[in-house]
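Reading the structure
The chain contents come next:
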There are 2 protein chains.
Amino acid sequence: MATQAAFLAGFSQLAAQPGRDRAVAVAVAPAPGPARVAVAAVGSAKLGVKAGTSRTAAVARLGVRCRASLIEPDGGRLVDLVAPEEGGRRAALRREAAELPHRLRLGRVDKEWVHVLSEGWASPLQGFMREHEFLQALHFNAIRGQDGRMVNMSVPIVLSVGDAQRRAIQADGATRVALVDERDRPIAVLSDIEIYKHNKEERVARTWGTTAPGLPYVEEAITNAGDWLVGGDLEVIEPIKYNDGLDQYRLSPAQLREEFARRNADAVFAFQLRNPVHNGHALLMTDTRKRLLEMGYKNPVLLLHPLGGFTKADDVPLSWRMKQHEKVLEEGVLNPESTVVAIFPSPMHYAGPTEVQWHAKARINAGANFYIVGRDPAGMSHPTEKRDLYDADHGKKVLSMAPGLERLNILPFKVAAYDTKQKKMDFFDPSRKDDFLFISGTKVSFHNCWDVVIFSTNPLSSLVKS
Amino acid sequence: MATQAAFLAGFSQLAAQPGRDRAVAVAVAPAPGPARVAVAAVGSAKLGVKAGTSRTAAVARLGVRCRASLIEPDGGRLVDLVAPEEGGRRAALRREAAELPHRLRLGRVDKEWVHVLSEGWASPLQGFMREHEFLQALHFNAIRGQDGRMVNMSVPIVLSVGDAQRRAIQADGATRVALVDERDRPIAVLSDIEIYKHNKEERVARTWGTTAPGLPYVEEAITNAGDWLVGGDLEVIEPIKYNDGLDQYRLSPAQLREEFARRNADAVFAFQLRNPVHNGHALLMTDTRKRLLEMGYKNPVLLLHPLGGFTKADDVPLSWRMKQHEKVLEEGVLNPESTVVAIFPSPMHYAGPTEVQWHAKARINAGANFYIVGRDPAGMSHPTEKRDLYDADHGKKVLSMAPGLERLNILPFKVAAYDTKQKKMDFFDPSRKDDFLFISGTKVSFHNCWDVVIFSTNPLSSLVKS
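Residues numbered from 1 in each chain as written. Chains lettered and ligands numbered in written order. Predicted model: local features only at pLDDT ≥ 70, side-chain atom pairs only at ≥ 80, totals over all residues. Heavy atoms only, no water.

1. Observations regarding the interface of chain B and chain A
With 37 residues of chain B in contact, the opposing surface of chain A contributes 37 residues. Among the residues chain B hides against chain A, the three largest losses belong to Phe140(B), Arg206(B) and Met401(B). Together they make up 23% of the total. The tally of links from chain B across to chain A stands at 8 salt bridges. Residue Glu201(A) is joined to Arg387(B) by a salt bridge in which the shortest nitrogen-to-oxygen separation is 3.1 Å. Counting across the chain B and chain A interface gives 18 residue pairs in polar contact (both at pLDDT 80 or more). Among the elements of the structure, helix H6 (131-140), helix H8 (200-208), helix H13 (352-365) and helix H14 (394-401) of chain B are those that each provide at least two residues to the side of chain B that touches chain A. Considering only residue class, the side of chain B that touches chain A consists of 13 nonpolar, 13 polar and 11 charged. (Contact = heavy atoms within 4.5 Å. Buried area = accessible area lost by both parts, 1.4 Å probe. Salt bridge = Lys/Arg side-chain N within 4 Å of Asp/Glu carboxyl O. Polar contact = N/O pair within 3.5 Å; in protein donor to acceptor, adjacent residues only side chain to side chain. Helix = DSSP H or I, 4+ residues; strand = E, 2+ residues; numbered from the N terminus. Nonpolar A, V, L, I, M, F, W, Y, C, P; charged D, E, K, R; others polar.)

As structure tokens, then:
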């Protein structure tokens with residue numbers, strides 16, 4: 001009821017909000033029951049955009065048109081920061097970036113964030129965080145928009161700069177800088193920049209709840225980063241590609257929304273994972289669709305959404321995981337008709353209850369109004385102590401209370417195990433607990449993923465870490 | 001405008017809220033202009049409370065009647081957790097507490113929190129935090145009430161228990177425990193208790209943004225505390241007293257509201273401090289009143305509100321500070337007609353931007369709708385590095401963006417210095433900066449308080465640290 005009320009309150013604000021004529025703003029009552037669709041404003045005519053045009057053509061500088069019947073993106077419209085080919089903007093930006101005197105070299109993780117930002121996963125963020133956004137993310141896990149509403153934003157999305165370069169930029173009074181890759185090729189321009197201090201200790205403590213050495217993201221992207229942060233509006237020259245044979249899976253939120261609309265989805269449930277999928281997962285996802293059908297939805301679609309950015313060294317590589325996900329669909333373990341497999345381009349923080357909010361929020365922007373959360377999401381072992389870094393239940397609890405996620409339906413992960421009576425995987429029933437078999441060895445290997453057990457001769461399990 | 005809009009939105013929710021007949025709910029438009037008073041519900045008749053009765057008589061179990069024209073307390077009514085003498089409740093609670101098998105011994109800081117909670121400074125909290133409140137405080141610095149609205153709550157107010165006692169309580173299935181002082185005398189009963197893990201590292205990291213050893217509150221109240229936390233509803237046997245000759249200054253939020261109403265205050269501006277007051281402060285407070293009069297308020301009253309709970313060893317002791325505050329009023333540096341001096345019973349965290357929110361939120365509950373914030377509020381030196389723990393501007397910035405504080409008007413502290421042209425203390429004017437004298441020696445001694453300089457032969461300054 002609270003969610004429903006919050007939704008309706010949000011919707012009345014939405015309808016009254018000025019400047020919304022640049023996007024088709026659509027909201028869906030989250031649950032229960034079938035989609036309650038309400039079109040708040042239809043302004044595509046003013047944009048000069050025709051229905052059915054390609055993604056590129058439908059993109060305005062600041063917003064992407066959103067199809068009816070999907071949850072509206074945070075901030076009311078999907079951010080798109082890729083310069084359009086039309087009108088010469090892309091060529092002009094490329095020329096400018098090549099000539100800008102100040103050039104910031106992006107590391108691997110920085111480039112992944114450029115990708116994330118450019119496609120609007122972090123909507124309504126328009127670029128790397130300025131200080132007021134950084135502080136709100138650190139202290140409140142949420143940012144207040146110009147309309148006064150809070151959107152969730154739990155991890156800082158920031159770009160660092162060293163002291164010498166900071167001084168040079170400020171000495172020139174530069175307001176625009178080029179972002180370049182490891183071979184000095186321009187990727188983007190950051191404008192109206194703001195430079196502020198990068199207090200690494202405070203950032204790490206407030207994001208991870210520990211400052212212990214050995215946090216993978218910290219070692220990869222913070223420890224050796226510059227002592228200043230530079231925020232600003234981002235404009236990316238062209239869509240980010242990796243040329244690793246997996247780009248076809250890297251669907252943007254706009255592309256995902258188009259796909260869900262094409263399939264006439266009236267509910268989208270997202271499943272984030274960073275490890276191989278297995279039978280327990282498959283059971284859960286199949287069951288979730290069944291429950292949504294029982295609620296009255298006609299066509300719930302699963303977004304099976306492995307994380308594709310930076311992961312720690314002992315996680316299964318993305319290429320292997322994608323092969324395995326393909327198999328799941330090929331073998332019919334999941335129904336391809338109601339499943340979309342795509343890559344979520346974010347790097348992994350392993351920041352538990354803080355990060356799970358980001359994982360959920362980004363999926364709202366991709367059109368998901370249901371999010372499946374398991375035990376210890378985004379968790380890992382404590383880097384220096386013999387215990388888990390986070391309480392296994394905190395992720396689910398924090399997610400269910402997080403500001404800015406009121407519109408999202410949280411589906412707690414049900415624990416699956418092998419039912420020795422039924423002789424198949426099933427959800428654990430505490431009233432006859434002795435019938436269920438949990439295998440500790442396998443459990444350990446999946447400990448950082450889900451509290452779920454593989455017990456099957458299905459060929460899928462042989463792919464795990466193979 | 002945003003504040004005004006947020007206020008009005010809040011008010012419409014208020015008027016529609018059920019169950020509000022237990023308190024006179026009153027809201028005042030924050031600024032600019034004179035009080036816009038609107039009585040949302042008058043329910044004193046249902047409470048059996050007559051206007052003008054004493055504090056005790058006016059107190060219901062869960063709420064204190066609030067006078068017209070003051071900002072409404074967080075959650076709509078002021079919490080009061082002291083058992084009423086009437087009806088035998090106090091005697092019954094005392095008997096029960098004496099007989100309860102499980103007794104938790106309170107340390108100095110615990111007892112200060114019992115005091116804080118019992119008088120409703122932390123309204124709408126009804127006792128030590130349960131886990132859902134603790135997690136929201138840690139992650140969001142705000143807690144969502146049953147009505148869906150967020151109230152600010154940035155520091156965890158929690159009670160720890162050791163493992164042996166935790167096991168004993170849980171083995172008995174006890175739901176009520178007695179809280180006792182260092183001589184085993186019952187102070188309160190905690191009921192409907194919930195016990196959950198006390199992850200000290202995570203609590204410290206998320207509250208202070210560092211886990212460096214040497215944080216005063218951590219050493220005093222966390223490092224040696226139990227590994228479990230116990231939350232529940234608090235009922236205190238009788239008002240907390242210290243018998244140190246200063247109890248007459250320890251006015252509860254209800255008493256302060258009565259005092260402001262008696263003086264017909266139409267604006268209350270709060271000044272939190274933990275160090276001696278000086279001429280720079282006095283200039284600021286006098287100037288603030290002038291500005292409020294210019295805004296159209298007829299009778300702005302200053303709440304000069306030194307913190308009275310735990311402070312670190314090198315801060316000036318409370319007894320000295322109170323003597324000095326008395327002098328300020330005696331000598332007419334501040335006008336006694338428009339100034340209320342009282343003690344804020346909270347312990348000090350020295351948690352900078354996190355703690356300043358608590359300092360501001362608690363003053364809303366005492367009736368203040370304006371809060372003066374300085375440089376580096378609640379800041380200190382980093383315990384192990386040669387730098388300030390917090391960026392001096394973060395406190396003000398975080399406070400101005402904090403969820404749940406939208407109704408409060410934040411007044412940034414203006415820097416005062418000695419104007420050698422005018423030969424008096426005045427606000428620093430950067431356009432003629434050479435006319436102003438900052439004395440570094442004195443500045444250093446006040447570094448952790450305010451970026452302001454004493455330059456005066458006023459006898460007040462001789463009291464400092466004397």
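This is not the end of the story, as more comes after the structure.
2. Section: the sheet that holds strand S14 (residues 409-412) of chain B
Residues and elements named next belong to chain B. If you walk across this open sheet you meet the 5 strands as S12-S11-S10-S13-S14, and the pairing is parallel. A single partner strand is all that each edge strand has here, and the edge strands are strand S12 (339-341) and S14. Between one strand axis and the next, the sheet turns by 25 degrees as a mean value, whatever way the strands run. Lying on the sheet, helix H10 (residues 253-262) is in contact with strand S10 (267-273), strand S11 (300-306) and S12; it crosses S11 at an angle near 150 degrees. The strands that helix H12 (residues 318-330) touches are S10, S11 and S12; relative to S12, the one it contacts most, it runs at about 160 degrees. (Pairing = 2+ DSSP bridges. Axes fitted to C-alpha atoms, helices over the stretch in contact; angles between N-to-C directions.)

3. Observations regarding the packing of aromatic side chains
Scanning the model with the defined rule gives 14 aromatic pairs over all chains in all. Relative to Tyr196(A), the ring of Phe134(A) has its centre 5.7 Å away and its plane inclined at 50 degrees; by these criteria the two rings are tilted. With Phe134(A) in helix H6 (residues 131-140) and Tyr196(A) in strand S8 (residues 186-197), the pair connects residues that are 62 residues apart, well separated along the chain. No difference in accessibility class separates Phe134(A) from Tyr196(A), as the two residues are buried. Between the aromatic rings of Tyr217(A) and Phe310(A), the centroid separation amounts to 6.4 Å while the plane-to-plane angle is 70 degrees, which identifies the pairing as edge-to-face. One end of the pair, Tyr217(A), is in helix H9 (residues 216-221); the other, Phe310(A), is in the loop between strand S11 (300-306) and helix H12 (318-330), with 93 residues separating them in the sequence. Taking relative accessible area as the criterion, Tyr217(A) reaches 2% and is therefore assigned buried. Members of the aromatic cluster, each reached through a chain of ring pairs, are Trp113(A), Trp121(A), Phe344(A) and Trp358(A). In this arrangement the basic side chain of Arg363(B) is found over the ring face of Phe344(B), its NZ or CZ atom lying 3.9 Å from the centre. (Phe/Tyr/Trp six-rings, centres within 6.5 Å; stacked < 30°, edge-to-face > 60°. Buried < 20%, exposed > 50% of the residue type's maximum accessible area, 1.4 Å probe, protein only. Lys NZ or Arg CZ within 6 Å of the ring centre and 35° of its normal.)

4. Description of the domain arrangement of chain A
Residue and element names in this part refer to chain A. The assigned domain composition of chain A is domain 1 (86-236) and domain 2 (247-464). Placing the centre of domain 1 and that of domain 2 at their C-alpha centroids yields a distance of 29 Å. Each partner contributes residues to the interface: domain 1 has 33 residues there, and domain 2 has 36 residues. On the domain 1 side of the interface with domain 2, the three residues burying the most area are Trp121, Asn152 and Trp208, jointly 29% of the side's total. (Domains from an automatic or database assignment.)

5. A closer look at the pattern of salt bridges
Residues and elements named next belong to chain A. This model, assessed by the stated rule, comprises 70 salt bridges over all chains. One salt bridge connects Arg407 with Asp74, and the closest N-O pair in it is separated by 2.9 Å. Of this pair, Arg407 sits in the loop between helix H14 (394-401) and strand S14 (409-412) while Asp74 sits in the loop between helix H3 (55-58) and helix H4 (89-99); the two residues are 333 residues apart in sequence, bridging distant segments of the chain. For the pair Arg407 and Asp74, one class covers both residues: buried.

6. Topic: the relation of the copies chain B and chain A
Superposing chain B onto chain A requires a rotation of 180 degrees together with a translation of 0.0 Å along the rotation axis, leaving an RMSD of 0.1 Å. One copy is carried onto the other by what is essentially a two-fold rotation axis. By residue overlap, the copies meet face to face through one surface: 100% of the interface positions of chain B are interface positions in chain A. (Least-squares fit on C-alpha atoms with pLDDT ≥ 70 in both.)

7. Points about the pairing of S11(B)
Residue and element names in this part refer to chain B. Most of S11 sits out of view: 7 of its 7 residues are buried. Looking at chain direction, S10 and S11 are connected through 7 bridges and run parallel. Note that in S11 the partner of Gln272 across the bridge is His305. Traced from S10 through helix H11 (residues 279-295) to S11, the parallel crossover comes out right-handed. Of the pairings in the sheet, the one linking S11 to S12 comprises 3 bridges and is parallel in character. Among the inter-strand pairings, Leu302 is bridged to a residue of S12, identified as Thr339. Taken together, S11, H12 and S12 constitute a β-α-β crossover, and its handedness is right-handed. (Right-handed = clockwise from strand over helix to strand, strands pointing away.)

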